[in-house]
Amino acid sequence: MFYIYCPHCGEHREEEEFHAKGQAHIVRPIDPAACDDKAWGEYLFFRKNPRGLHHELWIHAAGCRKFFNMTRDTVTYEIKEIYKIGEQPSVVAGNKLAGNK
Amino acid sequence: MSQKNRLGTGGRIDRTTPLKFQYNGKTYTGFQGDTLASAILANGIDVVGRSFKYSRPRGVVAAGAEEPNAVLQLGATEETQVPNVRATQQELFDGLTSQAVNGWPNVDNDMMSWVGKLGGKMMPPGFYYKTFMYPKSLWDTYESMIRKAAGLGRSPLENDPDTYDKVNQHCDVLVVGAGPAGLAAALTAARSGARVILADEQSEFGGSLLSSKELLDGKPATSWVKSAVDELAGCADVLLLPRATVNGYHDHNFLTIHERLTDHLADKAPVGMVRQRLHRVRAKWVVLATGAHERPLVFSNNDVPGCMIASAVSTYINRYGVVPGSELVLMTTNDYGYQAALDWHDAQRKVVAIVDTRQNPQGARVEQARKRGLNVITGSAVIEVQGSKRVSGVSVATIDAAGNKVTGAVNRLNADTVASSGGWSPVIHLSSHTGSRPVWDDKVVGFVPGPTVQKQLTAGGINGKYSINEALSEGVLAGLNALAKLDLPATEVVLPSAADMVEEASMTLFQIPHLLPTSKAPKQFVDYQTDVTAAGIEVACREGFESIEHVKRYTAMGFGTDQGKLGNINGMAVAAKALNKTIPETGTTIFRPNYTPVTFGAMVGRDCGELFDPKRYTAMHKWHVEHGAKFEDVGQWKRGWYYPKPGESMQECLDRECKATRDSVGILDASTLGKIDIQGADAREFLGRIYTNAWAKLAVGKCRYGLMCGEDGMVFDDGVTSCLGDNHFLMTTTTGGAPRVLEWLELWHQTEWPELDVYFNTVTDHWSTLTISGPNSRKLLSELTDFDLSNENFSFMDVHQCTVAGVPARVFRISFTGELSYEINVQANYGMHVWEKLFEHGKQFNLTPYGTETMHVLRAEKGFIIAGQDTDGSVHPHDLGMSWCVSDQKPFSYVGKRGMARQDCMRENRKQLVGLKTKEPKVVIPEGSQAVFDPNEPIPMTMVGHITSSYYSANLGHSIAMGVIKGGLSRMGETVYYPQADGRVIEAEICSLVFLDPKGERQNV
Amino acid sequence: MQRYSGFGLLKHSLTHHENWQRVWRNPTPKKEYDVIIIGGGGHGLATAYYLAKEHGITNVAVIEKGYLGGGNTARNTTIVRSNYLWDESAHLYEHAMKLWEGLSQDLNYNVMFSQRGVLNLGHTLQDMRDIQRRVSANRLNGIDGEVLDPQQIKEIVPHMDCSDNTRYPIMGASWQPRGGVARHDAVAWGFARGADAYGVDMLQETEVVDLVIEDGAIVGVKTNKYGVIKAGRVGSVVAGNSGVIAKMAGFDLPIESHPLQAMVSEPIKPILDTVVMSNHVHGYVSQSDKGDLVIGAGIDGWNGYGQRGSFPTIEHTMQAIVELFPIFSRVRLNRQWGGIVDTCPDACPIISKTPVENLFFNCGWGTGGFKATPGSGHVFAASLATGEMHPMAKPFSMFRFHDGALIDEHGAAGVAH
């Protein structure tokens, strides 16, 4: 069970209070009507699913009900970074920080 | 009966407290402080089980968690039965009742052993994959025979009388294992004020020191244990958990501890006590001081009762005052193994021989043995054991220095006990639970913990450091390391020390050679419980199962309840030899939780039965119960389903409720509908984006129905939302969908449109919703309010604040029945008051309570959908014939708009929701029935849709149904068929969804 | 191939089992194959077997980074059933079911397919509507199925609590008598042995580290051990790791990999004769021939390749099992483990061509993979053999996620109202 820092509550809490909501930073096309089916299908369903560093969206569902982002290793399950919606990750694949943060 | 193997003195048992216990129907006596195994051995019982495949008699081999054979059925009553309890871990209590789990007619004389003896040769590993195939029809018979033969103990057939619970714990340092290393680590951490949990699977702390004769600072080791435990017990922030097994190590330093609170007291937990507890621990740092398990050697007939691991022999003598035999032969590859013979000798029993596989051992213990005049035979091994239900003798022969072959003549020695020691395997189970792969260490001759991302430290035997002095100092070091990581001040711990003993290198040897090749030699067991032999492993390798995982799976090695604690490394060694590889090349051994088995009840805690899932009740629940309501589970809510009168069938009840509502007035407790309060300057804009229809022009005081879709365009919830103020809306959702919808709103707001000024709050539980519906509902409501209810002042789809029955209320004139209808919302704690007032005044109108079933019928008469019943995640609004509820003129591309414009969503001939009228009016089509156009088509038939809702309508005098049909909206008047399981084919005509009052006049009066 | 039989066992026992042949060879790879299958799990091995047996294509290699059948094949709860709702999935799983029914004899390897029946319990009115709908569809599709009431359920599973006194009383169930369980490892081994006999090369402990793609078409794979091995067509059957291969090919998939956990009790004497599944209280259980209660948990919500999940998921599952079977409260849980399941948004697999020519994918089976093993291999082999998707595989194209023609087994499971 993960031990997750909620950036809004400023505390570590048990995973049971949170829900994982999948890949983070999926941008809704500004003009959906301009998307063909392929583009819209990819926005809807196609995901990164990396083996290794993954940026994902979480919600503190049984807490402050706020969403935030997490960078996590999908193999070791280490949480590398927590950051708020609208922010960009500092730990990214290929980035030197990845290994030692 | 006498305890023939009990020593007169010594051990940690209390000879003044005898305890009676039963084994296989006979009564025996043991002492307080015994385990069931030590008591069994004290009474001279040899056979404690029959093996799984060959039904060979088996005796106690070990003294702890690694025991594979002494696995017994416990329980004096049906409700307290526990299968597969390891006798070595079960403390004796007065009245304990135990039985061997296999053997017919009994474990001493098992008929199945003849099958084993005669058929055993035909049961190489995986034999069942190679046979029982022909004729195919006999497989069921074969399989039921296999099933009967398998299994160990049995499940109780009555419900568990005991309770279990869970405790969440947080600590700075969790120390696992309270042997010398663990105690030293815990002391070190505790002295600086760290929050420490120390857990050990045994009844008392001390680990190996409890059965050691070594002195610490000249005093018995147990006196240091006592002082250490006393000191720890005096620390405010230290939690000591004996009888508590750390059974799983999970991510982010989350560990579970299975504590047995009463298993040592009685069959059934004493009144007021919890039988077992699961501690869920979040530890900042973990110190694993789990020690090591001794490995037995693999030799022919090494499973005959009387064959034990050497350290277990010492433990029984030193800790329990039990010598498990009369004449001992010890075989060892190392110095430590000698301890068993020394202890045996000191207990005044005969050591026949010490057989050392090394050519010229000289260590301190070897010298002690020689000094005592014991017969030390070097460069030799016990190649075979004689006896069936008890060892009667052994064959000893010289072997070469590598331990590969027998080099000399075979000597027979008489003995009833064979202890063997092949060295030690560190207990690395927990460290590998989190995915860390163990690493082979040639010096340790075993796997040690591999690299980990957990905050984990290790000390003592787990690192292959076995002497007391090393274990103590590693413990202190781990404690200091933990303190440093935690930024706590270091403390000083002065350790006692044991006399240094010269210990020589042990020989790396696992399988003892025999005169015959392994395939022909008498069985050499590797895994006792699953009957895996060295020859079996060779067969597996020969057949191409080369990965150790294949070997394990093919032979079942390590799949017993002991999970291969004794056998896995030996098995890997045998496989490695067969494959001409090293052990690390053969693979590694991955352990999974649980370290030792955990009671289901402990995993469940209190979260079963009444507390399996919370029940949500409305404020009027008591009234419903008192009025005989039947309830329906919707989400966690208990909703009134229907209110039968005495003697009334469900259909009669529904007919009455439906008619009463349409004829006069009915009342529904609708409090469970989800309610979300939405405020903010951009609330209206937000609604426009999230709903499919338009919200820009909804006036204050008006309500509107809305459909909500996913980005794929599929309907996922619906409800009425009201405008309470320019910046204030109240959204209602389906009962089950409320939490999901709230999260959905938050998701879009927080991640996509944070610039919108809007706030959401759930108010479901704050309001009671009392829906009165029917032509007399206005008259009824007017009895309780002064508010002007005229159609002009309070028209359809209005919401007004007013006073009802003396309490403030929000009244919505909305209708899910098609009747004149008011949804009265009052503060939840006024709900019952208003409900009762309505009934007081409702008598004259025959006010009739109705439940969800009547609600379903009434709304179906009007063709209103229920999201989740008439939709299933694959229908969009147009499929439902609800294009009127989709506003494509909105400037913002609302959620779902692009989705429902995908190619497949625009396809002709999609399944569309329509009404269905049966040709025979009284026949109700079962819900879920699949539709076909051609009832004569052979199977597989072409299905064109299914029934989503179906009822008998008492108001209309015929059945009505809703269902999806391919292209249904353009097939009005056509006939479809619903073939039933009983052979009937129900014929129905496709019609409009609206069966009653198509112009909607009744709700507008 | 050495044939297996009871007589053979007897014969070999006389020679102390010293003369058993290898079940499969340990071959040196050729430079080029007609077809390379990436992934030596059940589905990949079945694909190889049927390629050889049904299509005469034997110049085939199966490349497995670990050991054969070591992924989800070795980690699932072995349930086999075909009572799916939608025609597309029902036909595919029923195709598999028919193959299961003769598999031991076809492979001459006892996969211990045991048709002890599968019960899917309903605990709410909506559960029952969904069950009626599914069983009705099954029957019209020629798949066995019945709707049972609590009394009938009690006769089949006498030890389950079918009373009204539980939090979510059992209201009924669907019953597929032909469903059951099989011995998971044996399935992989049987297919591997069968494929090997036709000359298929199984390359274990060999990892595909890259794909060789020229002009938009795949021409080979690069391995860690043997460099580039050429191939006419390549089928990727790597379940949870599909995203990794897709990344090499340069496209994303509508797939996410999640941990799925399972566990077994200690072995006990026979007490449960059938497979019991409940979506609502969320647990499923059967008893293996060895006596273990085999229990499946739910999927963890986050992506993970670690073959382990969260503890609360296990706790919830155990709660469900004890809720259904209060008498198991004193039985003990022996072992738990996890697999990596590749899940699609519509809970249906992908058996498909890809944007890269001659590269085919078979993945996304979620929790449904084991039961489909022979059927999946059978239709995938046909597709690889002809270069055109088998009619039963066609609806499972990855491109359905573009045009929206999903086969939503998920949605059809019903949402609460």
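Residues numbered from 1 in each chain as written. Chains lettered and ligands numbered in written order. Predicted model: local features only at pLDDT ≥ 70, side-chain atom pairs only at ≥ 80, totals over all residues. Heavy atoms only, no water.

The name recorded for chain C in an unreviewed UniProt entry is Sarcosine oxidase subunit beta, from Neptunomonas antarctica. For the record of chain C, the UniProt heading Sequence similarities (unreviewed entry) holds the text "Belongs to the SoxB family." (UniProt positions renumbered as here; feature names shortened; annotations may be inferred.)

Going by an unreviewed UniProt entry, chain B carries the name Sarcosine oxidase subunit alpha and comes from Neptunomonas antarctica. Quoted verbatim from the Sequence similarities (unreviewed entry) heading of the UniProt record, the comment on chain B is "Belongs to the GcvT family."

Trainee: Explain the overall build of chain C here, please?
Mentor: Looking only at helices and strands, one finds 12 helices and 18 strands in chain C. In terms of overall size, chain C behaves like a compact globule, its C-alpha atoms giving a radius of gyration of 21 Å where 417 residues would be expected to give roughly 22 Å. Each of the three principal axes of chain C carries a C-alpha extent, and together these read 65 × 65 × 40 Å. Here chain C, with 417 residues, has 71% of them falling under the buried criterion. For chain C, the proportion of contacts with a sequence separation of at least 24, taken over those separated by at least 6, is 75%. Accessible area of chain C: about 12100 Å², with a carbon and sulfur share of 50%. Taking the average location of the 36 positive side-chain charges in chain C and that of its 42 negative ones, the two points are 5 Å from each other. (Helix = DSSP H or I, 4+ residues; strand = E, 2+ residues; numbered from the N terminus. Rg over C-alpha atoms; globule rule 2.2 N^0.38 Å. Buried < 20%, exposed > 50% of the residue type's maximum accessible area, 1.4 Å probe, protein only. Contact = heavy atoms within 4.5 Å. Areas by Shrake-Rupley, 256 points an atom, 1.4 Å probe, with all protein chains shown as cover. Lys, Arg positive; Asp, Glu negative; His and termini not counted. Charge placed at Lys NZ, Arg CZ, Asp CG, Glu CD.)

Trainee: What is the right way to read the packing of helix H13 (residues 548-555) of chain B against helix H7 (residues 184-197) of chain C from this model?
Mentor: Working note: a packed helix pair is described by the angle between its axes plus the distance between those axes. Where H13(B) meets H7(C), the closest approach of the two axes is 10 Å, and the angle between their N-to-C directions is 115°. Two packed elements cross with a definite hand, and for H13(B) against H7(C) that hand is left-handed. Every residue of H7(C) that contacts H13(B) at His550(B), Arg553(B) and Tyr554(B) is listed here: His184(C), Asp185(C) and Trp189(C). By residue class, the composition of the contact of H13(B) with H7(C) is 2 nonpolar, 2 polar and 2 charged. (Axes fitted to C-alpha atoms, helices over the stretch in contact; angles between N-to-C directions. Left-handed = near helix turned anticlockwise from the far one by under 90°. Nonpolar A, V, L, I, M, F, W, Y, C, P; charged D, E, K, R; others polar.)

Trainee: What exactly am I supposed to notice about the pairing of strand E45 (residues 911-918) of chain B here?
Mentor: Looking down a regular strand, the side chains alternate between one sheet face and the other. All names here are of chain B. Of all 8 residues in E45, 6 are buried; the element is thus mostly enclosed. Here E45 runs beside strand E50 (residues 985-991); their pairing, made up of 4 bridges, is antiparallel. When the bridges of E50 are listed, glycine 915 appears paired with cysteine 991. (Pairing = 2+ DSSP bridges.)

Trainee: Would you explain the UniProt feature "domain: Rhodanese" (unreviewed entry) in chain C in this entry?
Mentor: Following the UniProt record, one finds the feature "domain: Rhodanese" (unreviewed entry) at residues 35-79 of chain C. Helix makes up 31% of residues 35-79 of chain C and strand 20%, whereas the separation of the span's terminal C-alpha atoms amounts to 30 Å.

Trainee: How do you make sense of the interface of chain B and chain C when you look at a structure like this?
Mentor: One frequent convention defines the size of an interface as the accessible area lost when the parts assemble. Facing 126 residues of chain B, the contacting portion of chain C comprises 108 residues. For the pair chain B and chain C, the summed buried surface comes to about 10400 Å²; carbon and sulfur atoms form 54% of the total. Of all residues in chain B, Tyr129(B), Arg147(B) and Phe600(B) give up the largest surface area on contact with chain C, accounting jointly for 9% of the area buried on that side. At the junction of chain B and chain C, the tally comes to 69 residue pairs in polar contact (both at pLDDT 80 or more). Classifying every residue of the side of chain B that touches chain C by side-chain character gives 48 nonpolar, 41 polar and 37 charged. (Buried area = accessible area lost by both parts, 1.4 Å probe. Polar contact = N/O pair within 3.5 Å; in protein donor to acceptor, adjacent residues only side chain to side chain.)

Trainee: Looking at this model, I keep getting lost on helix H1 (residues 6-14) of chain C. Mind explaining?
Mentor: Every α-helix carries 3.6 residues per turn, so stepping three or four residues along brings you back to the same face. Residues Gly8(C), Leu9(C), His12(C) and Ser13(C) constitute the buried set of H1(C). One side of H1(C) carries all its buried residues, which in axial view fall inside an arc of 135°. Structural note: H1(C) exposes Phe7(C) and Leu14(C) on the side pointing more than 90 degrees away from its buried face. Contacts from the buried residues of H1(C) go to helix H3 (127-130) of chain B. (Arc of directions from axis to C-beta.)

Trainee: What is the right way to look at the sheet that holds strand E12 (residues 256-265) of chain C in this model?
Mentor: In sheet architecture, strand pairing relies on hydrogen bonds along the backbone and comes in two forms, parallel and antiparallel. The strand order across the open sheet built from 9 strands is E31(B)-E16(C)-E12(C)-E15(C)-E14(C)-E13(C)-E4(C)-E6(C)-E5(C), with neighbouring strands paired in mixed fashion. Pairing within the sheet leaves two strands with one partner each, and these edge strands are strand E31 (598-599) of chain B together with strand E5 (146-148) of chain C. Bridging between strand E4 (residues 118-122) of chain C and strand E13 (residues 275-278) of chain C involves 4 bridges; their strand directions are parallel. Residue pairing for E13(C): Leu119(C) is matched across the bridge by Val276(C).

Trainee: Sorry, what's going on with the sheet that holds strand E43 (residues 821-827) of chain B here?
Mentor: All names here are of chain B. The sheet built from 6 strands is open, its strands ordered E41-E42-E43-E40-E34-E44 with mixed pairing. Each having just a single partner strand, strand E41 (799-804) and strand E44 (848-849) make up the two edges of the open sheet. Bridge count between strand E34 (residues 666-669) and E44: 2 bridges; the pairing is parallel. Residue pairing for E44: glycine 666 is matched across the bridge by threonine 848. On the sheet, helix H22 (residues 831-842) packs against E34, strand E40 (767-773), E41, strand E42 (807-812), E43 and E44 and is oriented at approximately 20° with respect to E40.

Trainee: I keep staring at the UniProt feature "domain: SoxA A3" (unreviewed entry) in chain B and nothing clicks. Help me out?
Mentor: The residues that UniProt annotates with the feature "domain: SoxA A3" (unreviewed entry) are residues 522-603 of chain B. Span residues 522-603 of chain B is 45% helix and 9% strand, its end C-alpha atoms 43 Å apart.

Trainee: Explain the domain arrangement of chain C here, please?
Mentor: Residue and element names in this part refer to chain C. Under the domain assignment, chain C is made up of domain 1 (28-78 + 184-254 + 346-413) and domain 2 (114-179 + 256-343). Summarising the inter-unit geometry, the C-alpha centres of domain 1 and domain 2 are found 29 Å apart. Contact residues are listed per partner, giving 15 residues for domain 1 and 20 residues for domain 2. In this assembly, domain 1 packs against domain 2 so that about 1400 Å² is buried in total across both faces, 49% of it on carbon and sulfur atoms. (Domains from an automatic or database assignment.)

Trainee: I keep staring at the domain arrangement of chain B and nothing clicks. Help me out?
Mentor: For chain B, the assigned domains read domain 1 (1-160), domain 2 (164-292 + 426-485), domain 3 (296-422), domain 4 (516-591), domain 5 (625-654 + 670-766 + 790-801 + 845-905) and domain 6 (908-1005). The distance between the C-alpha centroids of domain 3 of chain B and domain 6 of chain B comes to 83 Å.

Trainee: Would you mind going over the packing of helix H7 (residues 310-320) of chain B against helix H8 (residues 338-346) of chain B with me for this structure?
Mentor: All names here are of chain B. Axis separation between H7 and H8 bottoms out at 8 Å; the angle between their running directions is 30°. On the basis of their axis angle, the class for H7 and H8 is roughly parallel. The element H7 and its partner H8 pack so that their crossing is left-handed. Facing Ala310, Val313, Ser314, Ile317 and Asn318 of H7, the residues of H8 in contact are Gln339, Ala340, Asp343 and Trp344. When the residues that make up the contact of H7 with H8 are grouped by side-chain class, the tally is 5 nonpolar, 3 polar and 1 charged. (Parallel < 35°, antiparallel > 145°, perpendicular 65-115°, else oblique.)

Trainee: Would you mind showing me how to read the packing of aromatic side chains here?
Mentor: Each pair of aromatic rings is reported with the distance of its centres and the angle of its planes. Tallied over the full model, the rule gives 55 aromatic pairs over all chains. Between the aromatic rings of Trp40(A) and Tyr43(A), the centroid separation amounts to 4.7 Å while the plane-to-plane angle is 50°, which identifies the pairing as tilted. Linking Trp40(A) with Tyr43(A), this pair stays in helix H1 (residues 37-45), spanning 3 residues, or about one helical turn. Accessibility assignment for this pair places Trp40(A) and Tyr43(A) in one class, buried. The aromatic ring of Trp695(B) is capped on one face by Arg704(B), whose charged end is 5.9 Å from the ring centroid. Its end group placed over the ring of Tyr168(C), Arg167(C) keeps NZ or CZ at 4.3 Å from the ring centre. (Phe/Tyr/Trp six-rings, centres within 6.5 Å; stacked < 30°, edge-to-face > 60°. Lys NZ or Arg CZ within 6 Å of the ring centre and 35° of its normal.)

Trainee: Got a minute to help me understand the environment of Thr491(B) in this structure?
Mentor: Residue and element names in this part refer to chain B. With respect to the helices, strands and loops of the structure, threonine 491 is situated in the loop between helix H11 (468-485) and strand E29 (525-527). Taking C-alpha positions, threonine 491 is 27 Å from glutamate 214, a pair spaced 277 residues apart along the chain. Setting aside its immediate chain neighbours within four residues, threonine 491 contacts Thr188, Arg191, Ser192, Leu480 and Leu483.

Trainee: Before we go on, may I ask you to explain the side chain of Thr732(B) in this structure?
Mentor: All names here are of chain B. If you trace the backbone, threonine 732 turns up in strand E38 (residues 728-733). Relative accessible area serves as the criterion here: at 18%, threonine 732 is assigned to the buried category. Separated by 2.7 Å, the side chain of threonine 732 and the backbone oxygen of valine 720 make a polar contact. In this view, threonine 732 contacts Gly674, Lys675, Tyr691, Asp718, Gly719, Val720 and Thr721; residues no more than four positions away in its chain are not counted.

Trainee: What's the story with the interface of chain A and chain C in this structure? I'm lost.
Mentor: Taken residue by residue, the interface counts 25 residues in chain A and 29 residues in chain C. Buried surface at the junction of chain A and chain C, summed over both partners, amounts to about 2200 Å²; 52% is from carbon and sulfur atoms. Here chain A and chain C share 1 salt bridge between them. Applying the counting criterion to the chain A and chain C interface returns 15 residue pairs in polar contact (both at pLDDT 80 or more). Contributions of two or more residues to the side of chain A that touches chain C are made by strand E3 (19-23), H1 and strand E4 (53-59) of chain A. (Salt bridge = Lys/Arg side-chain N within 4 Å of Asp/Glu carboxyl O.)

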